[in-house]
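Below are the chains, spelled out letter by letter.
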Amino acid sequence: MHADLLSALPQNGRLTLGPGAWLLAGFASKRADELVAEVHRIAEAAPFRFMTTRGGHTMSVAMTNCGDVGWVTDRAGYRYAATDPLSGLHWPAMPPLFRELAKQAAAAGGFPDFSPDACLINRYAPGARMSLHQDRDERDLDAPIVSVSLGLPAAFLFGGQRRSDRPRRVLLRSGDVGVWGGPSRLAFHGIGPLPPGSDPLCGPYRFNLTFRTAL
Ligand code: SIN
Ligand code: FE2
């Protein structure tokens with residue numbers, strides 16, 4: 001991991017990633033252990049699984065969801081679904097702590113009315129990555145994205161409106177929260193391959209909670 005990625009950003013500092021796009025360093029640190037406990041509880045009801053893209057490619061990141069709807073992908077493509085395709089049951093409810101934290105982070109990023117109905121939970125093992133993409137499966141693009149990092153550090157790639165815009169690289173550490181909306185709502189973003197490591201809270205993993213207003 002490159003030490004220079006975010007070395008200038010103090011804990012509880014904030015970094016502007018673009019217009020309407022912020023990285024709030026350590027915003028979730030105080031509640032990280034409770035957040036991880038909730039992730040494990042959710043995964044007991046709706047286990048992490050490796051989803052398939054429309055093109056038949058298996059993703060390297062394992063995923064589950066909580067909330068009114070969950071993001072899923074399979075040979076039929078990307079969509080939000082009210083039930084877990086593995087069980088046919090509704091996704092686990094969004095824990096009040098998740099909702100509160102997401103609302104507070106959104107407000108700190110200048111979006112005071114955020115009301116998330118979906119939380120995608122990503123689990124990265126060493127080598128897992130997420131290629132540059134836009135979050136554009138949501139109906140209301142006025143609502144921001146709130147993205148919480150837990151566990152092992154990873155390189156965040158944050159680009160512009162076009163895939164070809166050269167992305168900025170910043171290090172995401174456990175407790176860091178990204179908020180992007182407004183003119184940056186459709187910014188391309190991704191995660192570089194996770195370096196191996198051992199995190200006191202998450203062991204060999206990085207978890208990411210992505211909050212969205214999907215419906
Ligand atoms: C995502 O864009 O869905 C995940 C971002 C992250 O893992 O930080
Ligand atoms: Fe995304």
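You'll find the structure just up there.
Residues numbered from 1 in each chain as written. Chains lettered and ligands numbered in written order. Predicted model: local features only at pLDDT ≥ 70, side-chain atom pairs only at ≥ 80, totals over all residues. Heavy atoms only, no water.

A look at the pattern of salt bridges
Then, number 1: A complete count under the given rule lists nine salt bridges for this structure.
Then, number 2: Between Glu-38 and Arg-41 there is a salt bridge; the shortest N-O distance is 2.7 Å. Of this pair, Glu-38 and Arg-41 are both found in helix 1 (residues 32-45), three residues apart, which corresponds to roughly one turn of the helix.
Then, number 3: Owing to a relative accessible area of 19%, Glu-38 belongs among the buried residues under this scheme.
Then, number 4: Here Arg-41 falls in the partly exposed class, since its relative accessible area comes to 47%.
Then, number 5: Of the charged contacts in the structure, one is a salt bridge between Asp-135 and Arg-212, with a shortest N-O distance of 3.0 Å. (Salt bridge = Lys/Arg side-chain N within 4 Å of Asp/Glu carboxyl O. Helix = DSSP H or I, 4+ residues; strand = E, 2+ residues; numbered from the N terminus. Buried < 20%, exposed > 50% of the residue type's maximum accessible area, 1.4 Å probe, protein only.)

Notes on the sheet that holds strand 10 (residues 168-172)
Strands pair in a sheet through their backbones, by hydrogen bonds, and they do so in one of two ways: parallel or antiparallel.
Then, number 1: Pairing is antiparallel across the open sheet formed by four strands, whose spatial order is 7-12-9-10. The open sheet terminates on both sides in strands that have one partner only, identified here as strand 7 (130-133) and strand 10. Taking each pair of neighbouring strands and ignoring which way they run, the sheet shows an average axis angle of 20 degrees.
Then, number 2: Inspection of the sheet shows strand 9 (residues 154-158) paired to strand 12 (residues 189-191) by three bridges, in the antiparallel sense. Bridged to Leu-157 within strand 12 is Gly-190. (Pairing = 2+ DSSP bridges. Axes fitted to C-alpha atoms, helices over the stretch in contact; angles between N-to-C directions.)

A few points about the site of ligand 1
Then, number 1: Around ligand 1 sit Asn-122, Tyr-124, Met-130, His-133, Ser-147, His-189, Ile-191, Arg-206, Asn-208, Thr-210 and Arg-212, and that is every residue in its neighbourhood.
Then, number 2: Taking His-133, its side chain carries an N or O atom lying 3.1 Å from an oxygen atom of ligand 1.
Then, number 3: The side chain of Arg-206 places a nitrogen or oxygen atom 2.8 Å from an oxygen atom of ligand 1.
Then, number 4: Against a free-state accessible area of 260 Å², the protein chains account for coverage of 99% of ligand 1.
Then, number 5: Counting only elements with at least two residues in the shell around ligand 1, the list comes to strand 6 (118-124), strand 7, strand 12 and strand 13 (206-212).
Then, number 6: Residue classes in the shell around ligand 1 are distributed as three nonpolar, six polar and two charged. (Near = heavy atom within 4 Å. Polar contact = N/O pair within 3.5 Å; in protein donor to acceptor, adjacent residues only side chain to side chain. Areas by Shrake-Rupley, 256 points an atom, 1.4 Å probe, with all protein chains shown as cover. Nonpolar A, V, L, I, M, F, W, Y, C, P; charged D, E, K, R; others polar.)

Side note on the coordination of the iron ion (ligand 2)
Then, number 1: Taken together, the protein ligands of the iron ion (ligand 2) are His-133 (NE2), Asp-135 (OD) and His-189 (NE2), with distances of 2.1 to 2.3 Å.
Then, number 2: Its four donor atoms give the iron ion (ligand 2) angles of 90 to 175 degrees at the centre, a pattern that matches the irregular case.
Then, number 3: Donor residues for the iron ion (ligand 2), ordered by position in the chain, follow H-x1-D-x53-H. Remark: His-189 occurs in strand 12 and Asp-135 occurs in the loop between strand 7 and strand 8 (145-151); sequence separation between them is 54 residues.
Then, number 4: The class for His-189 is buried, based on a relative accessible area of 6%. (Donors = N, O, S within 2.8 Å, 3.2 Å for Na, K, Ca; no water. Tetrahedral: all angles 85-135°; square planar, octahedral: opposite > 155°, others 65-115°.)

Some points on the packing of aromatic side chains
Then, number 1: Throughout the structure, instances matching the rule amount to seven aromatic pairs.
Then, number 2: Ring plane angle 85 degrees and centroid distance 5.9 Å describe the contact between Phe-98 and Phe-211, whose orientation is recorded as edge-to-face. With Phe-98 in helix 2 (residues 96-108) and Phe-211 in strand 13, the pair connects residues that are 113 residues apart, well separated along the chain. With respect to burial, Phe-98 and Phe-211 carry one shared label: buried.
Then, number 3: Between Phe-156 and Trp-180 the ring centres are 5.7 Å apart and the planes differ by 40 degrees, which places this aromatic pair in the tilted class. Residue Phe-156 is located in strand 9, and its partner Trp-180 is located in strand 11 (residues 177-180); the two are separated by 24 residues in the primary sequence.
Then, number 4: For Phe-156, a relative accessible area of 4% translates into the label buried.
Then, number 5: On the basis of relative accessible area, Trp-180 is assigned to the buried category, the value being 2%.
Then, number 6: Sitting over the ring of Trp-22, Arg-14 keeps its end group 4.8 Å from the ring centre. (Phe/Tyr/Trp six-rings, centres within 6.5 Å; stacked < 30°, edge-to-face > 60°. Lys NZ or Arg CZ within 6 Å of the ring centre and 35° of its normal.)

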